[in-house]
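If you want the building blocks of each chain, they are given just below.
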Amino acid sequence: MAGLAITLGSGAMTNTIAEVGDAACIIVAGSSTTDAHPIIGYQVKKAVRQGAKLIVVNPQEVPLVRFSDIFLQIKPGSDVALLMGMAKVIVEAGLHDREYIEERCENFEEFRESLKEYTPEFVSDITGVPWDKITEAAKMYAENNPASILYCMGITQHSHGTDNVMAISNLGLITGNIGRVSGGVNPLRGQNNVQGSCDMGSLPNVYTGYQQVANTDARQKFEKAWGVPLSGDPGLTHTEIFDAAYTGEIKALYLVGENPVLTESNAAHATEAMKRLDFFVVQDIFLNETAQLADVVLPAASLMEKNGTTVNTERRVQRVRKVIEPVGDAKPDWWIVSAIANEMGAEGFAFNSAEEIFNEIASVTPSYAGITYERLEEGSIQWPCPTEDHPGTPILHTGKFNTPSGKGKLMALEYRPSEECCDFDYPLILTTERNLYQYHSTMTRYSDGLDLLSGGEHIKINPSDAEKLGINDGDLVEVKSRRGDLKVKAKITRRSQEGVVSLGFHFSECPTNLLTSSALDPLAKTPETKVCAITIQKA
């Protein structure tokens with residue numbers, strides 16, 4: 001598993017956002033960047049204006065397709081076949097960077113041998129994309145350097161999402177694009193401080209800075225810092241927590257800043273799991289749909305009502321400064337957690353400010369060791385930043401990779417179909433998407449202005465599918481999956497390919513995740529929300 005550290009260790013961009021604008025070629029895979037990450041979308045368009053080549057890989061015709069040189073409209077869940085097919089083209093045409101591979105990579109021969117199964121016929125059949133178009137895209141990526149790959153949830157939210165990411169890493173490695181300016185493999189985080197949350201050890205298998213729970217030295221360091229014994233066994237992932245609550249293994253839950261009634265895959269299952277808890281606490285800035293299920297609701301301060309730091313998708317640590325005093329009884333999240341811990345008699349929570357907490361973070365986290373509030377007053381810093389005289393690290397892996405050998409491991413991958421498949425009863429595939437004007441159900445629905453711009457959901461259907469189903473634009477339709485059903489208006493559009501429809505998940509009036517699958521990637525435990533078999537009929 002050592003090779004996973006290249007791209008999965010932190011889930012962060014290897015390069016900076018600004019560098020995207022100077023790339024010679026960009027692959028955007030599984031991302032509607034101008035909707036979900038408009039600042040990065042701007043950099044992509046800037047690069048195109050300067051002559052860069054743009055390849056878009058997506059089941060849907062997303063807005064960036066208008067700016068692209070090649071659009072690979074793949075079938076949902078076929079990413080590994082496409083990416084390994086592109087790697088096959090590059091290697092067989094001799095376009096791989098032999099010197100880079102020799103010096104900085106390992107496992108090339110096994111990787112090259114695995115490409116034999118990705119024949120043109122196999123890849124085209126699985127992806128639905130003609131081989132000559134795949135060949136053109138592969139050569140375009142290999143021949144225009146530096147080349148950057150951007151990807152998002154359309155790559156990761158699959159039962160084989162880890163394989164998808166490793167296939168992307170393979171492309172970056174064989175072309176020598178990882179560790180160079182305006183190149184890299186760049187995952188785009190789904191929310192503004194997801195990176196910071198993961199950096200702080202919110203994943204069940206790591207402490208801060210991705211120090212492994214199972215590593216004895218790391219665990220002993222934190223035991224000494226915190227003065228308590230710690231388990232060496234990783235905890236449960238996000239999705240597994242709801243499964244454990246459903247079965248009664250988990251009796252109480254403390255939920256902060258999340259609305260799983262609308263955002264969790266297979267949402268009816270998650271909602272029932274929360275209802276079965278003996279005790280349920282929600283801490284949030286709004287009384288959202290999930291908070292209404294809670295036994296206790298703790299009012300949290302919003303972004304403008306507190307001091308602290310956030311970390312964005314390019315690993316950039318930035319200050320957040322309070323603009324107004326918290327409204328009503330709202331308090332900063334750190335204050336609430338500390339107050340509860342102190343009331344319970346716990347040691348180590350006698351904090352008086354966010355800065356004090358940050359100082360502790362830096363003391364136990366090597367990648368943050370050189371970052372201080374004093375330095376952040378002068379500007380943001382990208383980790384890793386090991387000492388106070390270190391400038392920060394804009395580009396990762398410039399000299400070596402974070403693996404035992406220091407080399408990037410090329411991964412031999414076997415194509416696996418999605419767990420969720422169509423059949424006679426459920427003949428269409430639903431994939432989920434983001435919305436430029438609305439965000440994650442709770443965050444934006446309290447703004448009348450945003451509701452004027454986008455106040456409701458529509459299911460996007462290809463004209464051919466709509467004709468077969470007798471559905472007209474604007475018709476109210478009933479959508480059913482193996483897990484749930486809902487009603488929503490139809491929008492007939494060629495943005496959707498035949499056999500594939502799409503929905504956002506931002507509206508309580510259209511709880512899309514009642515439909516989606518919670519089949520998990522075996523390693524990352526990410527649910528397969530991007531592939532959901534459904535049927536549609538007029539309501």
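All figures in this text were calculated on a predicted structure; none of them were measured in a lab.

1. Here we look at the side chain of Lys530
Thought 1: Within the secondary structure, Lys530 sits in the loop between strand S18 (500-503) and strand S19 (532-538).
Thought 2: In this structure Lys530 is buried but unpaired, with Glu433 as the nearest side chain of opposite charge at 8.0 Å.
Thought 3: At 2.9 Å, the side chain of Lys530 forms a polar contact with the backbone oxygen of Thr432.
Thought 4: Among residues more than four places away in sequence, those in contact with Lys530 are Pro76, Met153, Gly154, Gln157, His158, Leu430, Thr431, Thr432 and Glu433.

2. Topic: a negative patch on the surface
Thought 1: On the surface, Glu374, Glu378, Glu388 and Asp389 cluster together into a patch of negative charge.
Thought 2: Secondary-structure assignment places Asp389 in the loop between strand S12 (381-382) and strand S13 (408-409).
Thought 3: Since its relative accessible area comes to 70%, Asp389 is described here as exposed.

3. Here we look at the pattern of salt bridges
Thought 1: Taken as a whole and assessed by the stated rule, the structure comprises 19 salt bridges.
Thought 2: Between Lys88 and Glu92 there is a salt bridge, with its nearest N and O atoms 3.1 Å apart. Of this pair, Lys88 and Glu92 both sit in helix H4 (residues 79-92), four residues apart, roughly one helical turn.
Thought 3: Its relative accessible area of 9% is what places Lys88 among the buried residues.
Thought 4: For Lys460, the salt bridge goes to Glu433, with nearest N and O atoms at 2.7 Å.

4. Focus: the nonpolar core
Thought 1: Ile55, Leu72, Met86, Phe111, Tyr141, Leu171 and Ile174 are the most contacted members of the largest nonpolar core, which totals 52 residues.
Thought 2: In terms of residue count, H4 provides more of this core than any other element does, ten residues in total.
Thought 3: When near neighbours in sequence (up to four residues on either side) are disregarded, Leu72 contacts Ile55, Val56, Val57, Asn58, Leu82, Met86, Val129, Lys133 and Ala137.
Thought 4: Counting 19 residues, the second largest nonpolar core, distinct from the first, contains Val28, Ile40, Val44 and Leu64.

5. Overview of helix H7 (residues 120-127)
Thought 1: Inspection of H7 places Val123, Ile126 and Thr127 among the buried residues, and these make up the whole buried set. The arc that holds the buried residues of H7, viewed along the axis, is 85°, so those residues lie on one side. With respect to the buried face of H7, the exposed residues turned more than 90 degrees away are Glu121 and Asp125.
Thought 2: Looking at the buried residues of H7, the elements they touch are H4 and helix H8 (131-143).

6. Side note on the domain arrangement of the protein
Thought 1: As assigned here, the protein comprises domain 1 (2-188), domain 2 (194-382) and domain 3 (428-538).
Thought 2: Every contact between the two is made by 15 residues of domain 2 and, on the other side, 18 residues of domain 3.
Thought 3: Buried surface at the junction of domain 2 and domain 3, summed over both partners, amounts to about 1,400 Å²; 62% is from carbon and sulfur atoms.
Thought 4: Here domain 2 and domain 3 share one salt bridge between them.
Thought 5: Among the salt bridges present, the one from Glu240 reaches Lys525, with a minimum N-O distance of 3.9 Å.

7. Considerations on the sheet that holds strand S3 (residues 70-72)
Thought 1: What the five strands build is an open sheet, ordered S3-S2-S1-S5-S6; its pairing is parallel. The open sheet has two free edges, formed respectively by S3 and strand S6 (185-187), since each of these has just one partner strand. Across the sheet, the mean angle separating the axes of adjacent strands is 15° when strand polarity is ignored.
Thought 2: Its contacts with the sheet place H8 against strand S1 (25-29), strand S2 (53-57), S3 and strand S5 (147-151), and it is angled at close to 125° to S3.

8. Points about the packing of aromatic side chains
Thought 1: All chains considered together, the criterion is met by nine aromatic pairs.
Thought 2: With a centroid separation of 4.5 Å and an interplanar angle of 25°, the aromatic rings of Tyr207 and Phe222 are classed as stacked. Taken together, the residues Tyr207 in the loop between helix H11 (194-199) and helix H12 (216-226) and Phe222 in helix H12 connect sequence positions 15 residues apart. Like Phe222, Tyr207 is buried.

9. Some words on a nonpolar patch on the surface
Thought 1: A contiguous nonpolar surface patch, about 430 Å² in accessible area, is contributed by Tyr254, Val256, Val337, Ile340 and Met344.
Thought 2: At the level of elements, strand S7 (252-256) and helix H16 (333-343) are the ones that each hand at least two residues to the nonpolar patch.
Thought 3: On the accessibility criterion, Met344 (68% relative accessible area) is exposed.

10. Regarding the pairing of strand S14 (residues 428-432)
The two faces of a sheet get side chains in turn, since along a regular strand they alternate between them.
Thought 1: Counting buried positions along S14 yields five of five residues, so the element is predominantly enclosed.
Thought 2: Judged by which residues are buried, S14 turns out to be covered on both faces: Leu428, Leu430 and Thr432 on one side and Ile429 and Thr431 on the other are all buried.
Thought 3: Summarising the sheet, S14 and S19 pair through three bridges and their orientation is antiparallel. Each bridged residue has a counterpart across the sheet, and for Ile429 the counterpart in S19 is Ala533.
Thought 4: Bridging between S14 and S18 involves four bridges; their strand directions are parallel. Paired with Ile429 across the bridge in S18 is Val500.

11. A few points about the environment of Glu92
Thought 1: Residue Glu92 is classed as exposed on the basis of its relative accessible area, which comes to 60%.
Thought 2: As a C-alpha pair, Glu92 and Arg66 span 26 residues in sequence and 31 Å in three-dimensional space.

12. Things to note about the sheet that holds S12
Thought 1: Ordered in space as S10-S11-S12, the three strands form an open sheet in which the pairing is antiparallel. With one partner strand each, in any of the chains shown, strand S10 (308-311) and S12 form the two edges of the open sheet.
Thought 2: With four bridges connecting them, S10 and strand S11 (residues 316-320) associate as antiparallel partners. Bridge pairing in S11 places Gly308 opposite Val320.

13. Comments concerning the packing of H4 against H8
Thought 1: Two numbers describe how H4 lies on H8: the axes approach to 9 Å, and their chain directions differ by 65°. By the angle between their axes, H4 is roughly perpendicular relative to H8. H4 and H8 meet at a crossing whose hand is right-handed. Where H4 abuts H8, its residues Leu82, Gly85, Met86, Lys88, Val89 and Ile90 lie against Trp131, Ile134, Thr135, Ala137, Ala138, Lys139, Tyr141 and Ala142.

Criteria and cut-off values
Residues numbered from 1 in each chain as written. Predicted model: local features only at pLDDT ≥ 70, side-chain atom pairs only at ≥ 80, totals over all residues. Heavy atoms only, no water. Helix = DSSP H or I, 4+ residues; strand = E, 2+ residues; numbered from the N terminus. Buried < 20%, exposed > 50% of the residue type's maximum accessible area, 1.4 Å probe, protein only. Lys, Arg positive; Asp, Glu negative; His and termini not counted. Salt bridge = Lys/Arg side-chain N within 4 Å of Asp/Glu carboxyl O. Polar contact = N/O pair within 3.5 Å; in protein donor to acceptor, adjacent residues only side chain to side chain. Contact = heavy atoms within 4.5 Å. Patch = residues over 30% accessible without salt bridge, like charges linked within 9 Å, V, L, I, M, F, W, Y side chains within 5 Å. Areas by Shrake-Rupley, 256 points an atom, 1.4 Å probe, with all protein chains shown as cover. Charge placed at Lys NZ, Arg CZ, Asp CG, Glu CD. Core = buried A, V, L, I, M, F, W, Y, C linked by side-chain atoms within 4.5 Å. Arc of directions from axis to C-beta. Domains from an automatic or database assignment. Buried area = accessible area lost by both parts, 1.4 Å probe. Pairing = 2+ DSSP bridges. Axes fitted to C-alpha atoms, helices over the stretch in contact; angles between N-to-C directions. Phe/Tyr/Trp six-rings, centres within 6.5 Å; stacked < 30°, edge-to-face > 60°. Parallel < 35°, antiparallel > 145°, perpendicular 65-115°, else oblique. Left-handed = near helix turned anticlockwise from the far one by under 90°.

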